Amino acid sequence: MKPFKEESLKKKTLKNRPKRDLLKDSQKLGKEMLKDLNQKKSPVLKAIKCSLDNSLYDSKKGYLVPKGKKVSSELNVSSVQKISRSLFLLDILLGNLKSGAVNTKRELYYISKGFMKSKTFYKPLDFEDQSDSDAIIDFICDMFEVYREEMNCFANDRGGQTYSKNLIVTEYLQKGEKAVIDLSSLGTTPFQPKNKPQQFELKAKKGRIDYCIVIESEGTANTLVSNGMTKRHNCIIVGAQGVPSNAVRGWCRTIQDQLNIPIFFYGDLDAYTLQNIYRTLKAGSASSLIRNSDFSAPNVHFLGVLPKDVEKYDLHCYEVSEKDVSESRSLKKAKDVLKNDPFFQSKKNKKLTQILKWLIKEKRRCEQQSVFSINPKNSKVLEEFLVEKIETNSYV
Amino acid sequence: MQKITKSSTAEYFAKNLQQVGFSSSTKAVLTTLKESVDNSLDACEEAGIAPHIKVKIKKEGMGSSKNVDLISVVVEDNGPGLDEKNIAKVFGEYLASSKFGRGRCSRGQQGIGISAATTWAQLTQARGVHVSSKLKNSPKAFCVVVNMDIKNNKGVLKNKTSFHWEAKKQGLKVEFLVDGRVQLKGEGGLITYLEGTALVNPHLELEYELLDQPFRKIERVSNKVPKIPPSSLPHPHTMKLGDFLQHASFYASLSLKKFLKTAFSRITDKSISLMKEKGLTEGLLKKTVRSIGEKDYKHIFSLLYEIDFPKPSSQSVLAVGEEALAESINRLGDIDFFSVITRKPKVCDYKSVIVEVALARLNIKKKEEEGIQLLRFANRVPLQFDKASCAITKSVESVNWRAYGLSQSKKSLPLGPYVFAVSVTSPFIKFKNASKETIDASEELVEEIRLALMQAGQKLKKHIRKEKNTADLIRKKEYIEKFAPILIQKLKDITGASQKEIEGAQRGLYAILSKDTVKAEKALGDARQEVEKLKAKMGSRLTYKTDNEAV
Ligand SMILES: Nc1ncnc2c1ncn2[C@@H]1O[C@H](COP(=O)(O)OP(=O)(O)O)[C@@H](O)[C@H]1O
Ligand SMILES: [Mg+2]
């Protein structure tokens, strides 16, 4: 394998993020609101607007950053419910921070319900379903520009199943305890990062790891491992399990920063994978503008499936008919992405844009597993396909 | 018409009763009632009497054939009554009417309806109509049975007896015994007809007893007997060439100039000199109508259309009027709010018409997806059949009611607990058929009705919006009561601020939140005041009317 040239990156993990004292910040906010009210002035709460139209692709940094638009809620009859709810949930979150307790969003939903049930005073706040309380939690985070994880609130994050014969992960726990996990001691059972993957310390067991591959389908990632790829190659294999969760995004970022190795993504050839999965992994998303800096891995390359793979191996494709509603939606998506997504509009990502144009022109889509049709008798066909592509620099 | 012999006329109608409203046993009862009530109303108006009509419909037993009942239909009025000779004509002869081609907005026009009812009674029950009559100033009343000599189109009177009609000054009472079936509600229902008639006749006092339904009396809300406008001369723009030639034939001996000036409304010396400027020669003007050739007629006719005559006189068109309609619509039931519009007279299809619209929301719990009730009227007579092809229905469907706050699926009648009443009045209404059930949907008429509907819709929108604002205000007040204490409590929990600071904030919060509601309350207050003012104004007018115009 040719030596891989990768620009060296400064180590930057969440640990280096300036510590926020949310208790203090919240008090400050509350005091300002009280002051306004005492002067019969409507307090205004401002939060970063998390939407595609407020996203800018910073090609130097490599991820989506906010443009500067804010959503502001001025206290009035129409917003009094939202603001009351925000203060109510903020108080619960602050309680968790004080005691060190953590919760998922769903748990917070039920905790809120519990308060409302036991005290009729809070009844008017009642959340009809979890999406109501989730929206408030997101608003609080966007307002303080703080990660949900820093509020001790974790999602039940999917994906990130990781396999390697040469990786050691150290997790620092509370009170100076630590856990050291040697991934080579695991079989086909993965190591799965959760919650705050940026807190891990990573190192190679021996020398340097060659590369990391993130596979869209977790099942396919496991197939590669079961068939022996990690035994034959000095690499890390990660299963993304669809749209990368915060955990997957933070984990890939940690691998990128700490191990300083090339990372590749392999998935389906269609607009959904390109935007929702690959772009989110590489540059973050519009709804998480405040945390893309720590939850994206800008060095990830798109390994495939590439249009040229389809042509070279005559891979089986699905026609995307314009008549079928759900299929034509995927075509429309490709067009929308070209039009609205700042990531794909950047010159730096011209090659990805060309892939989108190819999709629109060909009206086809190709799945990551189609490679298995190249040689049905060879169980290592995908492994060989991927390795050859890495060695011949066949990626974007 | 004149050429048809009388005998063939009666035979023709006897064979074709379905064409004039007797196509089914339910329709037969409705038509019998309708022709009688319409006649009473016409007769009262003609005589300047505020009508007081009593209706009684009863099931007397089984009808003469399967599935029909024997129904008695009794209608009594306080009109001028009829003498013997006229009774025979009116009830026993077709095409005997005092209203032929008079260019008036009366209900009956052709002298067909009531004779058809007599025919129906005679064909199904072998007896004509029983009529009681009392003429003004005559000491005694009389009653008589009118049978129809169908062969000769002639009424035959039988069993005439005179009697003392207790406490009756004058009037006519008709009693039909017919085969039929009674339908009370819905499109072709008797109640629908009676309520509709009351709506567009605010001066009508109506009592009715239908089958075993409780007796009901609808009081009059106006004492003003509409003066049926004098029949008017045709406006020059209300004619097509054929009409023009026929009209001219009645004035054959006059000079053209005289003909133009006397046989039309709105043609003056000034308009004749304008026509002269456009090429009408003095010679032609001096010629007698009889001696003018067809080519010249065509020329004169086209010249008429080059001149802008003033609009036809609205006097020939009778309108209920917005005030009276507003009063009357409240008789329909528990009305939440309503809007009424009376348009100015307008020439549509060469005829002057007045369109009136009343939209009312009933205070009943009706499923939102149920359609509105559409009441159609032509010359103040409810139209109850063939809704779909009627000009009125087409107009209602063409309006986007969602813009006014109602629900509606595209190009159909809107939904909700509303009554839409649309009345078209004109000396010459064009119906689609002889039974006068649907108004011909010409483009011009549909557009005129549409304009009226949209104006009424605008007014309705104000009410609906006001209602929405009220609901908003209530919601806002609730919000303040619910959330303000929580907000303050949470600020206290998070900041640990002093009681004094908290109390100050609380005052501030209530001040801020109530700003919104004060604004909304003021807007509502203004609207309420306006309604009160309007009511007060209408009230005083109404008393004025009773004082001065009581009959
Ligand atoms: N109830 C009544 N009281 C007085 N006159 C009546 C009454 N009913 C009918 N008439 C007279 O009889 C005429 C003929 O009535 P009808 O045959 O119904 O024809 P139309 O109503 O079309 O004129 C009316 O024009 C009216 O002058
Ligand atoms: Mg009549």
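As shown above, the structure is provided for reference.
Rules of the game
- Residues numbered from 1 in each chain as written.
- Chains lettered and ligands numbered in written order.
- Predicted model: local features only at pLDDT ≥ 70, side-chain atom pairs only at ≥ 80, totals over all residues.
- Heavy atoms only, no water.
- Helix = DSSP H or I, 4+ residues; strand = E, 2+ residues; numbered from the N terminus.
- Pairing = 2+ DSSP bridges.
- Axes fitted to C-alpha atoms, helices over the stretch in contact; angles between N-to-C directions.
- Contact = heavy atoms within 4.5 Å.
- Parallel < 35°, antiparallel > 145°, perpendicular 65-115°, else oblique.
- Left-handed = near helix turned anticlockwise from the far one by under 90°.
- Nonpolar A, V, L, I, M, F, W, Y, C, P; charged D, E, K, R; others polar.
- Salt bridge = Lys/Arg side-chain N within 4 Å of Asp/Glu carboxyl O.
- Buried < 20%, exposed > 50% of the residue type's maximum accessible area, 1.4 Å probe, protein only.

S.K.: Describe in detail unusual backbone geometry, supporting the description with residues and values.
M.R.: Residues and elements named next belong to chain A. The amide bond that connects Gly-304 to the next residue, Val-305, takes the cis arrangement and shows omega of 5°. Among the structural elements, Val-305 can be located in the loop between β14 (301–304) and α9 (307–313). The phi torsion at Asn-260 lies on the positive side, around 55°, for a residue other than glycine. By the element assignment, Asn-260 lies in the loop between α7 (246–259) and β13 (263–266).

S.K.: With reference to specific residues and values, describe the sheet that holds strand β10 (residues 201–204) of chain A.
M.R.: Residue and element names in this part refer to chain A. Taken in spatial order, the 3 strands line up as β9-β8-β10 in an open sheet, and their pairing is antiparallel. With one partner strand each, in any of the chains shown, β9 (178–182) and β10 form the two edges of the open sheet. Direction aside, the axes of adjacent strands within the sheet are offset by 15° on average. Both strand β8 (residues 167–172) and β10 contribute to a ladder of 4 bridges, which runs antiparallel. Counterpart to Val-169 in the pairing with β10 is Leu-202. Its contacts with the sheet put α7 on β8 and β10, and the angle it makes with β10 is roughly 55°.

S.K.: Give a detailed account of the packing of helix α7 (residues 256–263) of chain B against helix α8 (residues 269–277) of chain B, specifying residues and quantitative values.
M.R.: All names here are of chain B. Relative to each other, α7 and α8 sit at 130°, their axes nearing to 10 Å. In terms of axis orientation, α7 runs oblique to α8. For the pair α7 and α8, the crossing hand works out as right-handed. Mapping the contact onto sequence places Lys-257, Leu-260 and Lys-261 in α7 and Asp-269, Ile-272 and Met-275 in α8. Residue composition of the contact of α7 with α8, by class: 3 nonpolar, no polar and 3 charged.

S.K.: Please provide a residue-by-residue account of the sheet that holds strand β1 (residues 52–62) of chain B, values included.
M.R.: All names here are of chain B. On the basis of which strands lie adjacent, the open sheet formed by 8 strands has the order β5-β4-β3-β6-β2-β1-β7-β8 and mixed pairing. The open sheet has two free edges, formed respectively by β5 (154–163) and β8 (216–218), since each of these has just one partner strand. Between one strand and the next, the sheet's axes are offset by a mean angle of 15°, whatever the strand orientation. Relative to strand β6 (residues 171–180), strand β3 (residues 129–134) is paired through 5 bridges, and the arrangement is antiparallel.

S.K.: Which residues make up the pattern of salt bridges, and what values go with them?
M.R.: Residue and element names in this part refer to chain B. Across all of its chains, the model carries 38 salt bridges over all chains by this definition. The residue Lys-276 makes a salt bridge to Glu-282 at a minimum N-O spacing of 2.7 Å. Accessibility expressed as a relative area gives 35% for Lys-276, which makes it partly exposed. You can call Glu-282 partly exposed: its relative accessible area is 32%. Each of Glu-205, Glu-207, Lys-217 and Arg-220 takes part in one network of salt bridges that share partners.

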